[in-house]
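Now for the letters of each chain:
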Amino acid sequence: MKTVNLTCIGCPLGCPIEVMMDDDNNILLVSGNSCPRGDKYARKEVTAPTRIVTSSVRVFGSEKGERMVPVKTASDVPKKSIMEVIRDLRGVSVPCPVHIGDVVVKNVAGTGVDMIATKEVE
Amino acid sequence: MERTVYDLIIVGGGPAGLAAAVGAYDAGLRNILILERDLRLGGILNQCIHNGFGLHTFQEELTGPEYAQRFIDQVKERGIAYKLDTMVLSIGKGEDGSKEVTAVNETDGLLLLKAKALILAMGCRERSRGALNIPGFRPAGIYSAGTAQRLVNIEGYLPGRRVVILGSGDIGLIMARRMTLEGARVMVCAELMPYSGGLKRNIVQCLDDFGIPLKLSHTVVRIEGKERVEGVVIAEVGPDRKPIPGTEEHYRCDTLLLSVGLLPENELTVGLGAEISRITNGPVVNESLETSVPGVFAAGNVLHVHDLVDYVSEEAKLAGERAADYVAACGDGFTAPEDGAKRVPVTFAGGIRYTVPSAIDPGKIGNWLKIRFRVGDVMQNRKVVLYLDGEPALTKKRRVMAPGEMEELVLTARHVQAHPDLKSIEIRVEEDV
């Protein structure tokens, strides 16, 4: 048995939620939430939390002398992969022009998700 | 020297200026000019590379630059003129009733421009260390959170390795995560108030995800180091927000980020002579987002600081449409004739700090009008009631309200039609038992 404490992000109320789980990570009880959204959030957050990861990488050959282009994972990746995703961006440098949606790193950190550019850089 | 004439000049090419331009164009205006001081359109969104923008406007979660690009594309598709790298020096009223804009850039030199209408969309800036009176030397390593954001995301520099953050505004929270991802160690985030001014989502995903402690009711009492920050001392504060002796904690660090509030940037507005609200630090506006100077409108963070860019875009579109109405009423002249506008003040009680707009002409709200406001403290189990001439016209239950979350009420034409001779509009926050 273990309990995980979370803060719900569904609304400004920010309910403190306690999730009770058995040793096989089966959810026994979700408590502390004051609406069904909190229950849903807590179940996802303890079983398969995901995040969009954003960062920036260097560019070269920019007409206007821009140095960086912002990037994001094209979809959610597991929360535990965040630092691996960031590590995979180290040393990456892309030629200009860069367009929104251009793939900067394919299958970043083996997540099956591409890292894509989020800004137009000429 | 002859001034170049436009129907509408928009000061600022960030989210407010772009949406205002699109709103004005779609309402029929063609002779529009946007003046932007940066080298590209989009304003502060260019450095806000995190996601979470546009859920309301596009039903998608975009990053800041992606959200900006949607509006930049709309401006370009419409062929709306803009000048980059152009600093507006002053705005004023001409003898012929025109609004005069003086600006400068490297290509044109000094620009003397005239317009029938102006939209102020200059945004806001960050409150600085000087506004906080933290004692100590003035070492390197103290940045506003937004400056650090620009250094990391645009310039590609990491401003420090061991970081303490004062203030839990959203930019500070976002930078706690960003600096951590780039290899810095964020020791703590201290907040003077007993609650955070940032969004819950940011507290969870920027602090909790990385095990960064948030210390509420704490502030920085000392900054150590002469050439470079070497440490800061944080202490707990009492209900009077004064440090409690004996609660000091020392943190060894090389960087202090400040995320302690945003201030609308209204030097130009003051120079014009428009009335400024002492609470929002933005101009006082009516239902058309028109300032006390007829034909001059304001939208976005220059008017009042918003939490979501989606609301900025919506507000700015309205300013653009109303500016187009004003220009249409000008005919061949530079000013619209006085139309005997009614001015019903919006009053408030029960913990509301301000409303935008602060006065309404009931005949000019169109089908509906959003009244936006903020409360001064965290409150639970309340209802917001809108009274027209003392009669409740609209009630909205709120389980929780916080200073960091902007509230809104939608006043509809149906509400005001029931009061043909409307004299008072009041919004009250009441206990909901």
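Since the structure is predicted, the reported quantities are computational estimates derived from the model, not experimental observations.

This next bit is on the overall build of chain B. The secondary structure content of chain B amounts to 8 helices and 27 strands. For 433 residues, the compact-globule estimate of 2.2 N^0.38 gives 22 Å, and chain B sits close to it at 23 Å. Projecting the C-alpha coordinates of chain B onto the three principal axes gives extents of approximately 65 × 60 × 40 Å. By the burial criterion, 57% of the 433 residues in chain B qualify as buried. Considering only contacts in chain B between residues 6 or more positions apart, those separated by 24 or more positions represent 62%.

All names here are of chain B. Judged by pairing direction, the sheet is parallel, and its 5 strands sit side by side in the order E10-E17-E11-E12-E13 without closing on themselves. The open sheet terminates on both sides in strands that have one partner only, identified here as strand E10 (142-144) and strand E13 (214-216). Across the sheet, the mean angle separating the axes of adjacent strands is 20° when strand polarity is ignored. Of the pairings in the sheet, the one linking strand E11 (residues 162-166) to strand E12 (residues 185-191) comprises 5 bridges and is parallel in character. Among the inter-strand pairings, valine 164 is bridged to a residue of E12, identified as valine 188. Contacts from helix H3 (residues 145-155) reach E10 and strand E17 (255-258), with the element oriented near 90° to E10. The sheet strands contacting helix H4 (residues 170-181) are E11, E12 and E17, and the helix crosses E12 at an angle near 170°.

A few words now on H4(B). Along an α-helix, a turn takes 3.6 residues, which lines up residues three or four apart on a common side. All names here are of chain B. End to end, H4 covers 17 Å across 12 residues, agreeing with the expected 16 Å (1.5 Å per residue, within 8%). Residues of H4 that are buried include every one of Gly172, Leu173, Ile174, Met175, Ala176, Arg177, Arg178, Met179, Thr180 and Leu181, and no others. The first or second residue beyond H4 is glycine 183, which carries a positive phi of 105°.

Attention now goes to the interface of chain A and chain B. Between chain A and chain B, the residue contacts involve 30 residues of the former and 33 residues of the latter. Together, the buried faces of chain A and chain B total about 2700 Å²; carbon and sulfur atoms form 55% of this surface. Taken together, the connections running from chain A to chain B amount to 12 residue pairs in polar contact (both at pLDDT 80 or more). Those elements that place two or more of their residues in the side of chain A that touches chain B are strand E5 (54-60), strand E6 (68-73) and helix H2 (82-88) of chain A.

Residues and elements named next belong to chain B. Scanning the entire structure with this criterion turns up 4 aromatic pairs over all chains. Aromatic side chains phenylalanine 58 and tyrosine 67 sit 5.5 Å apart centroid to centroid with 70° between the ring planes, which places their arrangement in the edge-to-face category. For phenylalanine 58, a relative accessible area of 19% corresponds to the buried category. Among the aromatic residues, those joined into a cluster by ring pairs are Phe58, Tyr67 and Phe71. Cation over ring: arginine 30 sits above tyrosine 25, and NZ or CZ is 3.7 Å from the ring centre. Stacked on the ring of phenylalanine 334, the Lys or Arg lysine 114 has its end atom at 5.4 Å from the ring centre.

Further remarks concern the domain arrangement of chain A. Interfaces are often sized by the amount of accessible area the parts lose when they come together. According to the domain assignment, chain A consists of domain 1 (2-48) and domain 2 (54-117). For domain 1 of chain A and domain 2 of chain A, the distance between their C-alpha centroids amounts to 32 Å.

Turning to the sheet that holds strand E3 (residues 27-31) of chain A, a few remarks are in order. Residues and elements named next belong to chain A. What the 3 strands build is an open sheet, ordered E1-E2-E3; its pairing is antiparallel. Pairing within the sheet leaves two strands with one partner each, and these edge strands are strand E1 (2-7) and E3. On average, each strand axis in the sheet is tilted by 20° relative to the strand beside it, whichever way the strands run. In this fold helix H1 (residues 36-47) packs onto E1, strand E2 (16-21) and E3, with an angle of close to 135° to the strand it touches most, E3.

Turning our attention to the pattern of salt bridges. Tallying each qualifying case throughout the model produces 33 salt bridges over all chains. Ionic pairing is found between Glu66(A) and Arg40(B), a salt bridge with its closest N-O pair at 2.8 Å. Of this pair, Glu66(A) sits in the loop between E5 and E6 while Arg40(B) is found in the loop between strand E2 (32-35) and strand E3 (51-53), placing the two residues in two different chains. Arg40(B) gets classed as buried once you look at its relative accessible area, which sits at 15%. Here the residues in one salt-bridge network are Glu314(B), Glu315(B), Lys370(B), Arg372(B) and Glu408(B), joined through shared partners.

Scoring rules and cut-offs
- Residues numbered from 1 in each chain as written.
- Chains lettered and ligands numbered in written order.
- Predicted model: local features only at pLDDT ≥ 70, side-chain atom pairs only at ≥ 80, totals over all residues.
- Heavy atoms only, no water.
- Helix = DSSP H or I, 4+ residues; strand = E, 2+ residues; numbered from the N terminus.
- Rg over C-alpha atoms; globule rule 2.2 N^0.38 Å.
- Buried < 20%, exposed > 50% of the residue type's maximum accessible area, 1.4 Å probe, protein only.
- Contact = heavy atoms within 4.5 Å.
- Pairing = 2+ DSSP bridges.
- Axes fitted to C-alpha atoms, helices over the stretch in contact; angles between N-to-C directions.
- Expected span 1.5 Å × (residues − 1).
- Buried area = accessible area lost by both parts, 1.4 Å probe.
- Polar contact = N/O pair within 3.5 Å; in protein donor to acceptor, adjacent residues only side chain to side chain.
- Phe/Tyr/Trp six-rings, centres within 6.5 Å; stacked < 30°, edge-to-face > 60°.
- Lys NZ or Arg CZ within 6 Å of the ring centre and 35° of its normal.
- Domains from an automatic or database assignment.
- Salt bridge = Lys/Arg side-chain N within 4 Å of Asp/Glu carboxyl O.

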